[in-house]
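# A structural walkthrough
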Amino acid sequence: MAKSIPDSSKNRWSELVEIIEEARRQYYVLDSPTISDDEYDKAFKELETLEQKYPELVTQDSPTQSVGGVASELFEPVEHRVRMMSLEDVFDVEELEEWANRVSKSTTSLPETICELKVDGLALNLLYLDGKLSRVATRGDGRVGEDVTYNTQFIPTVPRVLTATNGAKIPSVIEVRGEVYFDLKDFDSLNNEVMDLGRTPFANPRNAAAGTIRQRVDKREEELALAKNEKKSDSRIEKLKSEFNRSTSSLSRLKLVVHGIGALEGSEFKTQAEAYKTLGNLGLPVAMTTRVTKDLKSVISFIEEFGNKRRDLSHEIDGVVVKVNDINAQKNLGATSRTPRWAVAYKYPPEVVRTKLIDIEVNVGRTGRVTPFAVMEPIKVAGSTVSMATLHNQEEIIRKGVLIGDTVYLRKAGDVIPEIVGPVVELRNGSEKKFEMPSKCPECGTKLAPAKEGDVDLRCSNAQSCPAQLRERLFHVGSRGAMDIEGLGSKSAAALLNDKILKDEGNLFELTAKDLEKSEYFTRAPGKGETGRPLNKNGEELLSQLSAAKTRPLWRILVALSIRHVGPTAAQALAREFKSLENIANSPLEKLSEVNGVGEVIGIAVKEWFSEDWHKEIVGKWARAGVRIKDDEVTGPQPLKDMNFVITGSVPNLSRDGAINAVLERGGKVSGSVSKNTTMLVYGRADGSKYSKAVSLGIPKLDAENFEVLLNKGFTEALKLATTD
């Protein structure tokens, strides 16, 4: 990055990227958001502002250049024929007018638009070939999603075959974009069933939809069939049948509404409204509330109308989507790297209620961060009852001016995470008291202090043996974004530590049935003829999942180690570059920092983590237990060996990961920034900061259209097609 950028701005950029990427992972991959939509939006806006001020900070991996989300490994990956993009968000009429002005400048005047409700569900992409449903996938990162075709057969509103009526013509190829969601009554019914089973209810309908569509129902059906073939006990068969029926029952309550088209062959449309009419005539469920709007005034009227009606609707909405109606105008307006310029999402303000702040307590996270949270009188807001809300840190409590005992304004920001807005000062009676942040860790008694000078967050430095950090780290190892160990949840983690089966995560993969016999959580009372304490489902599942997890790819191991700042994106970049934990641990900071998607802040965190002897002991124990701590080396010709490439913009027929891996497989390296050591820049667009820097340094620049020449014919042939001016 350029020397003219202040260190404080570089550090803030890194912090914002970490916050946003982690929020995306929690929301899209884990279906378990940890910050409010409002906090996410503020962080994203701040990042955009920072990158506008210092364009050199922009990288292709920046959240401002990519669509949120990533496909998990639970399902087969599916590459969309046409990328699924995100939408630009606006939050008031002034920002909506700014969008309209940008469109007007490109089209002489604001063209006819179409307004539709923004349903709060999970985005899906449905591919129909000659009218037959070929596959269904989640959005994922916009290019690659998860194949959920099997599960959609149980959703009544997803047609398996298109049927043409009213003169409609069935296209030979059509990708239909839509949203699956629960009506509020079905969401409440599902949550009641979940709680009856002693499980944690879904936070909101969107999480419920995502969690339901991502069930491995095919595996449950296979287990049931196998149990019947092997003539298992009636109780076992009935249990499997019950689980399968519960899964299909929840899927059957999902609804689909379609709101867009990706790939299209054998048909064409002049307007978005015409496209929706045709989709309806093909038997696809389209929204009945969509309205063509002639000017900005009618757009605002639609937004206000449904802002007042939103609580009367049968399902959750979080805003209104406004699109340019004319398809040719859409094509002319084009798109940024992540959003179409011809559409915008107007987000409604969160619903606000009042409740009593009973107390403020603190929670210790897996990296030692101590976070205060509010304990409130339970209250229903945005369709669900809440009793706790995060308060982030002591400075935030002071800024908001809340006291224990206050009546507070509470909003469910983005209708997802509860957030205290501030106190109702006029209702104070003098009994309220100020919150004092503890000076010692509430779990281990260690003195709390900032990790470095200037930090507002206090941390417990007893990382090795603080019970709270141990518990959270162990739970994190099993999370979907890390090792994806289904049997290692919060209760399992607590039982392993409380019953002294484990003293830390190091011996996790050495666990045996004999170890688990010490805990009632993992065992059952012996049956007739049995001795000892046989394992129950919790114990059997944990051991089975631990065995399977030993072969997880290297990047998941990296995430599971709880290295500060290292989420899936950075972990995948490190794994691609270094292939093993040993190589990562032994690499100098300069090499780590050069990796695309890593940088200096993450590089320092990695070096600091591996400098601790007890951390290295954990890695050693995992390796001895059979955990694969390196990825397989790529064999074959290495025509790009020792060459350093930078890839910016999109590459035809390849995802970003696909393009990077193609270079790595041929021995080359891929960096996130252009320097004098760059061998060649591969560019999808010629107007970015990386392209400009390559020009200034005289580095060869290869159009992404010719990327296949580099891969198939080598560097010398590619150089003939590159420019060096």
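See the structure above.
Residues numbered from 1 in each chain as written. Predicted model: local features only at pLDDT ≥ 70, side-chain atom pairs only at ≥ 80, totals over all residues. Heavy atoms only, no water.

### Focus: the overall build of the protein
- When helices and strands are tallied, the protein shows 26 helices and 22 strands.
- The C-alpha atoms of the protein give 27 Å as radius of gyration, which agrees with the globular expectation for 725 residues (27 Å, within 12%).
- Principal-axis analysis of the C-alpha atoms places the extent of the protein at approximately 75 × 70 × 60 Å.
- When burial is assessed residue by residue, the protein has 51% of its 725 residues classed as buried.
- Considering only intrachain contacts with a sequence separation of at least 6, the fraction spanning at least 24 residues in the protein is 66%.
- Here the protein has roughly 33900 Å² of accessible surface; of this, 48% comes from carbon and sulfur atoms.
- Averaged over its 101 positive side-chain charges, the protein has a centre that lies 2 Å from the centre of its 107 negative ones. (Helix = DSSP H or I, 4+ residues; strand = E, 2+ residues; numbered from the N terminus. Rg over C-alpha atoms; globule rule 2.2 N^0.38 Å. Buried < 20%, exposed > 50% of the residue type's maximum accessible area, 1.4 Å probe, protein only. Contact = heavy atoms within 4.5 Å. Areas by Shrake-Rupley, 256 points an atom, 1.4 Å probe, with all protein chains shown as cover. Lys, Arg positive; Asp, Glu negative; His and termini not counted. Charge placed at Lys NZ, Arg CZ, Asp CG, Glu CD.)

### Focus on a nonpolar patch on the surface
- Together, Val352, Tyr409 and Val421 line one region of the surface with nonpolar side chains, adding up to about 230 Å² of accessible area.
- Its place among the elements puts tyrosine 409 in strand E15 (residues 407-413). (Patch = residues over 30% accessible without salt bridge, like charges linked within 9 Å, V, L, I, M, F, W, Y side chains within 5 Å. Salt bridge = Lys/Arg side-chain N within 4 Å of Asp/Glu carboxyl O.)

### Regarding the packing of helix H3 (residues 93-107) against helix H10 (residues 296-309)
- Packing of H3 against H10 leaves a shortest axis separation of 12 Å and a crossing angle of 140°. As H3 runs across H10, the sense of the crossing is right-handed. Taken together, the residues of H10 that come into contact with H3 (itself represented by Val93, Leu96, Glu97 and Ala100) are Leu296, Val299, Ile300 and Ile303.
- Classifying every residue of the contact of H3 with H10 by side-chain character gives 7 nonpolar, no polar and 1 charged. (Axes fitted to C-alpha atoms, helices over the stretch in contact; angles between N-to-C directions. Left-handed = near helix turned anticlockwise from the far one by under 90°. Nonpolar A, V, L, I, M, F, W, Y, C, P; charged D, E, K, R; others polar.)

### Quick notes on a negative patch on the surface
- A cluster of acidic side chains, namely Asp92, Glu94, Glu97 and Glu98, defines a negative patch on the protein surface.
- Secondary-structure assignment places glutamate 94 in helix H3.

### Things to note about the side chain of asparagine 281
- Among the secondary structure elements, asparagine 281 is positioned in helix H9 (residues 272-281).
- Setting aside anything within four residues of it in sequence, one finds asparagine 281 in contact with Thr163, Ala164, Thr165, Asn166 and Ala168.

### What to know about the pairing of strand E12 (residues 352-364)
- In the sheet, E12 pairs with strand E13 (residues 369-381) via 7 bridges, with the strands oriented antiparallel. Bridge assignment links asparagine 363 to a residue of E13, and that residue is threonine 371.
- Here E12 hands over to E13 after 4 residues, with glycine 368 in that stretch at a positive phi of 90°. (Pairing = 2+ DSSP bridges.)

### Topic: empty space enclosed by the protein
- Scanning the model with the defined rule gives 2 cavities of 30 Å³ or more in all.
- Volume-wise, the largest cavity comes out at about 60 Å³.
- As for the largest cavity, its lining consists of Ala573, Arg576, Glu577, Val595, Asn596, Ile660, Leu664 and Val670.
- Mapped onto the lining of the largest cavity, the elements with two or more residues apiece are helix H18 (568-578) and helix H23 (656-665). (1 Å grid on protein atoms, 1.4 Å probe; cavity = no way out; pocket = protein on both sides within 12 Å on 5 of 7 lines; lining within 4 Å. Points joined across faces, edges and corners; volume = space filled by probe spheres on them.)

### Quick word on the sheet that holds strand E20 (residues 669-671)
- Pairing is parallel across the open sheet formed by 4 strands, whose spatial order is E20-E19-E21-E22. The open sheet is flanked by E20 and strand E22 (701-703), the only strands paired with a single partner. Averaged over neighbouring strand pairs, the angle between their axes works out to 30° when direction is ignored.
- Note that strand E19 (residues 644-648) and E20 share 3 bridges and pair parallel.

### Let's talk about unusual backbone geometry
- Residue histidine 392 is not a glycine yet carries a positive backbone phi of 70°.
- Mapping histidine 392 onto the fold places it in the loop between strand E14 (384-390) and helix H12 (394-400).
- Residue aspartate 484 is not a glycine yet carries a positive backbone phi of 55°.
- Inspection of the secondary structure puts aspartate 484 in the loop between helix H13 (467-477) and helix H14 (490-498).
- Residue classification places aspartate 484 among the buried positions, given a relative accessible area of 15%.

### Regarding the side chain of serine 580
- Along the polypeptide, serine 580 turns up in the loop between H18 and helix H19 (581-586).
- With relative accessibility at 10%, the residue serine 580 sits in the buried group.
- Dropping the residues within four chain positions of it, serine 580 is found in contact with Leu554, Ile629 and Lys630.

### Quick look at the packing of aromatic side chains
- Per the stated rule, a full pass over the model turns up 8 aromatic pairs.
- With a centroid separation of 5.8 Å and an interplanar angle of 70°, the aromatic rings of tyrosine 150 and phenylalanine 154 are classed as edge-to-face.
- On the numbers, 4.9 Å between centres and 80° between planes, the contact of tryptophan 609 with phenylalanine 610 is edge-to-face.
- A network of ring pairs unites the aromatic residues Tyr150, Phe154 and Phe244 as a single cluster.
- In this structure, lysine 309 is placed above the aromatic ring of phenylalanine 306, and the distance from its NZ or CZ to the ring centre is 5.1 Å.
- Cation over ring: lysine 701 sits above tyrosine 691, and NZ or CZ is 5.9 Å from the ring centre. (Phe/Tyr/Trp six-rings, centres within 6.5 Å; stacked < 30°, edge-to-face > 60°. Lys NZ or Arg CZ within 6 Å of the ring centre and 35° of its normal.)

### A look at the environment of asparagine 429
- With respect to the helices and strands, asparagine 429 occurs in the loop between strand E16 (417-423) and strand E17 (448-450).
- Sequence separation of asparagine 429 and aspartate 406 is 23 residues, and the distance between their C-alpha atoms is 9.0 Å.

### Some details on the pattern of salt bridges
- Counted under the stated rule, the structure contains 28 salt bridges.
- Among the salt bridges present, the one from arginine 471 reaches glutamate 443, with a minimum N-O distance of 2.8 Å. Taken together, the residues arginine 471 in helix H13 and glutamate 443 in the loop between E16 and E17 connect sequence positions 28 residues apart.
- Among the residues examined, arginine 471 registers a relative accessible area of 27% and is labelled partly exposed.
- Using a relative accessible area of 38% as the deciding quantity, one classes glutamate 443 as partly exposed.

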